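The residues making up each chain are set out below.
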Amino acid sequence: MATVCTHPKILPTPAATVSSINIPKSSQSQLLFRSHLHNPKTPNFLVSPPNLHTTSNPHHLKPHILCSQTDNPKPTRRPDYIPNRISDPNYVRIFDTTLRDGEQSPGASLTSKEKLDIARQLAKLGVDIIEAGFPASSKDDAEAVKMIAKEVGNAVDKDGYVPVICGLSRCNKNDIQTAWDAVKYAKRPRIHTFIATSPIHLEYKLRKSKEQVIEIARNMVKFARELGCDDVEFSPEDAGRSEREFLYQILGEVIKAGATTLNIPDTVGYNVPEEYSQLIADIKSNTPGIDNVIISTHCQNDLGLSTANTLAGACAGARQLEVTINGIGERAGNASLEEVVLTLNCRGEQVLGGLYTGINTKHIYVTSKMVEEYTGLHVQPHKAIVGANAFAHESGIHQDGMLKHKGTYEIISPEDIGYERSNEAGIVLGKLSGRHALRNRLAELGYELENDQLATIFERFKAVAEQKKSITDADLGALVRDEVFQPEVVWKLHDLQVTCGTLGLSTATVKLIDADGREHVACSIGTGPVDSAYKAVDLIVKEPVTLVEYSMNAVTEGIDAIATTRVVIRLENSHTVTHAQTGESVQRTFSGIGAGMDIVVSSVKAYIGALNKMIGFKERSPPKFPAERNKVSA
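Residues numbered from 1 in each chain as written. Predicted model: local features only at pLDDT ≥ 70, side-chain atom pairs only at ≥ 80, totals over all residues. Heavy atoms only, no water.

Participant: With reference to specific residues and values, describe the side chain of Gln320.
Facilitator: With respect to the helices and strands, Gln320 occurs in strand β11 (residues 320-323). Judged by its relative accessible area of 0%, Gln320 falls in the buried class. A distance of 3.0 Å separates the side chain of Gln320 from the side chain of Arg190, its partner in a polar contact. Only 3.0 Å separates the side chain of Gln320 from the side chain of Ser296, close enough to count as a polar contact. (Helix = DSSP H or I, 4+ residues; strand = E, 2+ residues; numbered from the N terminus. Buried < 20%, exposed > 50% of the residue type's maximum accessible area, 1.4 Å probe, protein only. Polar contact = N/O pair within 3.5 Å; in protein donor to acceptor, adjacent residues only side chain to side chain.)

Below is the structure:
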């Protein structure tokens with residue numbers, strides 16, 4: 001069987017061989033040949049048609065220097081939004097679940113303000129659907145989803161674009177009602193409900209028969225429609241390990257009940273691309289009423305195949321792809337938005353049949369950095385598209401090629417994702433630079449700051465510039481993220497003094513400012529400067545927390561580099577949320593990020609940031625203190 005990505009529907013199984021399909025020679029270069037379907041002994045990987053790349057082939061693909069340089073520009077206008085239909089068969093909707101599945105990453109708890117900031121950035125990015133959370137998991141999550149629905153879900157741009165705001169729910173009335181109560185304020189609300197369908201889930205988790213699960217799914221989709229929601233997504237959890245005939249049956253029933261999107265999750269990352277592609281193709285060929293809905297992918301990354309599986313699903317006919325920024329999520333994470341979108345941008349016209357998205361890739365880098373800072377989940381240096389090494393070239397051969405022509409070793413221009421190399425910047429910032437130059441450079445890097453934010457950044461910029469010869473873009477990014485991407489202030493570091501070394505116990509004195517502007521001072525001893533400083537902070541804040549994780553890295557090279565610190569803390573017996581898939585109550589952990597040229601200062605700022613985030617989740621008012629200055633000593 002041959003899969004033709006230019007065709008909106010993959011051929012059903014069993015399918016004709018390639019010889020029975022009338023394919024114009026000019027289109028042969030866009031075929032993805034699955035050779036093992038012609039010869040079962042051939043390995044399961046994609047190969048090119050015979051002689052496709054020989055010099056004698058008159059239809060040889062024209063080489064592309066950069067993915068941004070295409071012969072056939074993509075349509076600039078996204079199709080009008082209709083829940084169960086897309087007018088352009090080549091358009092692919094991007095469903096971002098960073099705020100729901102992404103937040104399930106350990107330590108990635110987000111405050112309502114942070115979720116709103118990320119949702120606004122996702123709207124700038126142009127995602128079609130934002131899954132804003134799982135409202136039934138906690139009161140905090142329900143309020144955050146409602147806030148996003150009201151603000152981001154009603155911000156219509158000049159082209160009429162406004163993202164769909166989606167809330168997740170299990171297949172029960174309480175979850176669905178709670179989700180609807182949160183998303184109904186958006187111009188385009190959606191309820192996403194799910195129930196497991198694989199044999200292992202039916203037997204051990206649900207302990208229900210297939211007939212019972214079908215009945216529940218049918219009734220709950222119908223209930224969601226009866227609430228007034230005309231955009232309902234249904235997911236058969238663990239579809240990748242489910243029996244085909246059962247999938248066809250349950251999906252057909254929820255279509256009858258009013259589902260508009262069918263999501264086909266590879267919940268545990270079990271499938272390989274060929275297998276997942278065939279799953280989508282079989283569902284498309286055998287499910288009653290499938291032409292009246294959108295098929296979606298949701299691929300976990302347990303085997304490192306989430307992006308490949310997602311693209312295979314798109315080639316097989318899926319027209320919604322569920323992804324997260326930086327690929328964060330449960331366990332090994334999800335399909336990465338930047339990888340999926342850039343692959344479609346880069347190879348869509350050539351080998352993926354013209355598939356395209358409405359994503360404004362210029363906002364990818366800033367969005368990635370925002371999610372990294374807010375969640376505290378560092379992006380690995382070799383991460384595709386947004387990693388620190390993604391556009392770095394160290395070997396002599398590569399550097400020589402880059403100097404002669406960037407297309408020799410780069411298929412993507414960094415400017416395409418909103419990233420600029422510091423050594424190519426037109427302005428070099430230093431201690432004599434003014435506020436206007438700083439604002440312009442930050443704007444070029446994608447940071448749009450209010451006047452008060454700029455004033456704070458400028459003060460810190462001048463302080464760093466006094467100690468460094470020149471300021472790099474990485475330094476600027478660290479300063480901005482340390483100031484702007486912080487939780488709401490309950491406690492703020494004012495002063496810190498430490499004494500440490502081999503001659504005696506480490507001692508730290510800390511002065512914090514509370515939300516009302518009052519000063520609190522404490523001192524403590526510890527096994528090192530960071531330990532003693534944290535203990536002094538604990539004496540003031542009086543929150544019994546456990547430090548779960550501590551890490552530090554330098555932003556740039558050199559002894560004068562700015563250091564960024566990440567900490568994760570946990571407050572025992574508090575802040576539990578309901579896990580979407582297991583239904584268990586799990587304890588939240590809270591992360592914090594700090595940056596500075598002094599590693600102890602950056603460590604304390606990170607710790608205070610995590611404490612502020614944790615306090616923000618508590619369902620009581622911030623602590624009140626006596627009017628007089630409160631000093632604590634130890």
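Participant: Pulling in residues and values, what's your account of the sheet that holds β11?
Facilitator: Strands belonging to one sheet form pairs held by backbone hydrogen bonds; the direction of such a pair is parallel or antiparallel. What the eight strands build is a closed barrel, ordered β4-β5-β6-β7-β8-β9-β10-β11; its pairing is parallel. Neighbouring strand axes in the sheet, compared pairwise and without regard to direction, differ in orientation by 25 degrees on average. The sheet contact formed by strand β9 (residues 261-266) and strand β10 (residues 294-299) spans six bridges and is parallel. Across the sheet, the residue bridging to Ile264 is Thr297, located in β10. Strand contacts of helix α7 (residues 273-286): β9 and β10, with the helix running at about 155 degrees to β10, the strand carrying the most contacts. (Pairing = 2+ DSSP bridges. Axes fitted to C-alpha atoms, helices over the stretch in contact; angles between N-to-C directions. Contact = heavy atoms within 4.5 Å.)

Participant: Let's hear about the packing of aromatic side chains: which residues, and what values?
Facilitator: Applying the stated criterion to the full structure yields three aromatic pairs. When the centroid spacing of 5.2 Å and the interplanar angle of 70 degrees are considered together, the rings of Tyr91 and Tyr356 count as edge-to-face. Pair noted here: Tyr91 is in the loop between β3 (46-47) and β4 (93-96) and Tyr356 is in the loop between α9 (337-351) and α10 (364-375), with a separation of 265 residues, a long-range link. Grouping residues by exposure puts Tyr91 and Tyr356 together as buried. Aromatic pair Tyr534 and Tyr607: ring centres 4.0 Å apart, planes at 10 degrees, arrangement stacked. Of this pair, Tyr534 sits in helix α15 (residues 529-541) while Tyr607 sits in helix α16 (residues 599-617), and the two are 73 residues apart along the sequence. In this pair, the class of Tyr534 matches that of Tyr607, namely buried. Sitting over the face of the ring of Tyr185, Lys150 holds its NZ or CZ atom 4.6 Å from the ring centroid. (Phe/Tyr/Trp six-rings, centres within 6.5 Å; stacked < 30°, edge-to-face > 60°. Lys NZ or Arg CZ within 6 Å of the ring centre and 35° of its normal.)

Participant: Which residues make up the environment of Phe234, and what values go with them?
Facilitator: Examined against the element boundaries, Phe234 turns out to sit in strand β8 (residues 232-237). A relative accessible area of 0% means that Phe234 is categorised as buried. When the C-alpha atoms of Phe234 and Leu251 are compared, they prove to be 8.3 Å apart, with 17 residues separating the residues in sequence. What Phe234 contacts, discounting residues up to four positions off in sequence, is Cys171, Thr193, Ile195, Ala217, Val221, Ile250, Leu251, Val254, Ala259, Thr261, Leu262 and Asn263.

Participant: Help me get a handle on the nonpolar core, residues and values and all.
Facilitator: By size, the foremost hydrophobic cluster in this structure holds 90 residues, and its most contacted members are Val127, Phe234, Ile250, Leu262 and Ile264. At eight residues, helix α6 (residues 244-257) tops the list of elements feeding residues into this core. Apart from the residues lying within four places of it in its own chain, the contact partners of Val127 are Ile94, Asp96, Leu122, Tyr161, Pro163, Leu337 and Ile359. In this structure, Val490, Val510, Val541 and Leu571 belong to the second largest nonpolar core, which totals 29 residues. (Core = buried A, V, L, I, M, F, W, Y, C linked by side-chain atoms within 4.5 Å.)

Participant: Describe in detail the packing of helix α8 (residues 306-315) against α9, supporting the description with residues and values.
Facilitator: The description of two helices packed together rests on the angle between their axes and the distance between the axes. Orientation of α8 relative to α9, taken along the N-to-C sense of each, is 50 degrees, at an axis distance of 9 Å. Between α8 and α9, the angle is such that the two are oblique. The interaxial crossing formed by α8 with α9 has right-handed handedness. When α8 is examined against α9, the residues Thr307, Thr310 and Leu311 are found in contact with a partner set consisting of Glu339, Val340, Thr343 and Leu344. Looking at the contact of α8 with α9 residue by residue, the classes come out as three nonpolar, three polar and one charged. (Parallel < 35°, antiparallel > 145°, perpendicular 65-115°, else oblique. Left-handed = near helix turned anticlockwise from the far one by under 90°. Nonpolar A, V, L, I, M, F, W, Y, C, P; charged D, E, K, R; others polar.)

Participant: Tell me about the pairing of strand β12 (residues 491-499), and name the residues and values.
Facilitator: Relative to strand β13 (residues 506-514), β12 is paired through eight bridges, and the arrangement is antiparallel. Paired with Trp491 across the strands is Asp514, a residue of β13. The hairpin turn running from β12 into β13, its antiparallel successor, is six residues long, and Gly501 in that turn takes a positive phi close to 140 degrees.

Participant: Tell me what's going on with the packing of helix α1 (residues 112-125) against α10, and back it up with residues and numbers.
Facilitator: Packing of α1 against α10 leaves a shortest axis separation of 10 Å and a crossing angle of 165 degrees. Judged on the interaxial angle alone, α10 and α1 are roughly antiparallel. Between α1 and α10 the crossing geometry is left-handed. Facing Lys113, Glu114, Asp117, Ile118, Gln121, Leu122 and Leu125 of α1, the residues of α10 in contact are Ile364, Val366, Thr367, Met370, Val371 and Tyr374. In the contact of α1 with α10, the residues fall into eight nonpolar, two polar and three charged.

Participant: Before we move on, could you go through the state of the cysteines and cite the residues and values that matter?
Facilitator: Two cysteines form a disulfide when their sulfur atoms are joined by a covalent bond. Under the defined criterion, the tally for this structure stands at zero disulfides. Unpaired in this structure, Cys229 has its nearest cysteine sulfur neighbour in Cys166, at a distance of 8.4 Å. Judged by relative accessible area, which is 1%, Cys229 ranks as buried. (Disulfide = S-S within 2.5 Å.)

Participant: Quick rundown of helix α12 (residues 435-444)? Include the residues and the values.
Facilitator: Among the residues of α12, Leu438, Arg441 and Leu442 are the ones counted as buried. Seen from one end, α12 has its buried residues packed into an arc of 100 degrees, which puts them on one side. (Arc of directions from axis to C-beta.)

Participant: So, the confidence of the model for the chain: which residues are in play, and what are the values?
Facilitator: Averaged over every residue, the pLDDT of the chain is 82; the share at 70 or more is 78%. The low-confidence segment residues 619-634, where pLDDT is below 50, has 26 contacts with residues more than four positions distant or belonging to other chains. (pLDDT = per-residue confidence, 0-100.)

Participant: For the environment of Asp531, give the residues involved together with the corresponding values.
Facilitator: Here Asp531 is to be found in helix α15. Among the residues examined, Asp531 registers a relative accessible area of 25% and is labelled partly exposed.

Participant: Explain the pairing of β11 residue by residue, including any values.
Facilitator: Of the two faces of β11, the one carrying Gln320 and Glu322 and the one carrying Leu321 and Val323 are both buried. Across four bridges, β4 lies against β11 in parallel orientation. By the bridge assignment, Phe95 is partnered in β11 with Glu322. Note: β10 against β11, three bridges, orientation parallel. In the sheet register, Ser296 faces β11, and the bridge partner there is Gln320. Regarding topology, α8 serves as the crossover connection from β10 to the parallel β11, and that connection is right-handed. (Right-handed = clockwise from strand over helix to strand, strands pointing away.)

Participant: So, the environment of Val510: which residues are in play, and what are the values?
Facilitator: Following the sequence through the fold, Val510 ends up in strand β13. Between the C-alpha atoms of Val510 and Ala522, which are twelve residues apart in sequence, the distance is 5.5 Å.

Participant: A description of the pattern of salt bridges should follow, citing residues and the corresponding values.
Facilitator: Scanning the entire structure with this criterion turns up 32 salt bridges. We note a salt bridge from Asp302 to Arg331, for which the minimum N-O separation is 2.7 Å. Of this pair, Asp302 sits in the loop between β10 and α8 while Arg331 sits in the loop between β11 and α9, and the two are 29 residues apart along the sequence. Taken together, the salt bridges that share partners define one network made up of Lys113, Asp117, Arg120 and Glu151. (Salt bridge = Lys/Arg side-chain N within 4 Å of Asp/Glu carboxyl O.)

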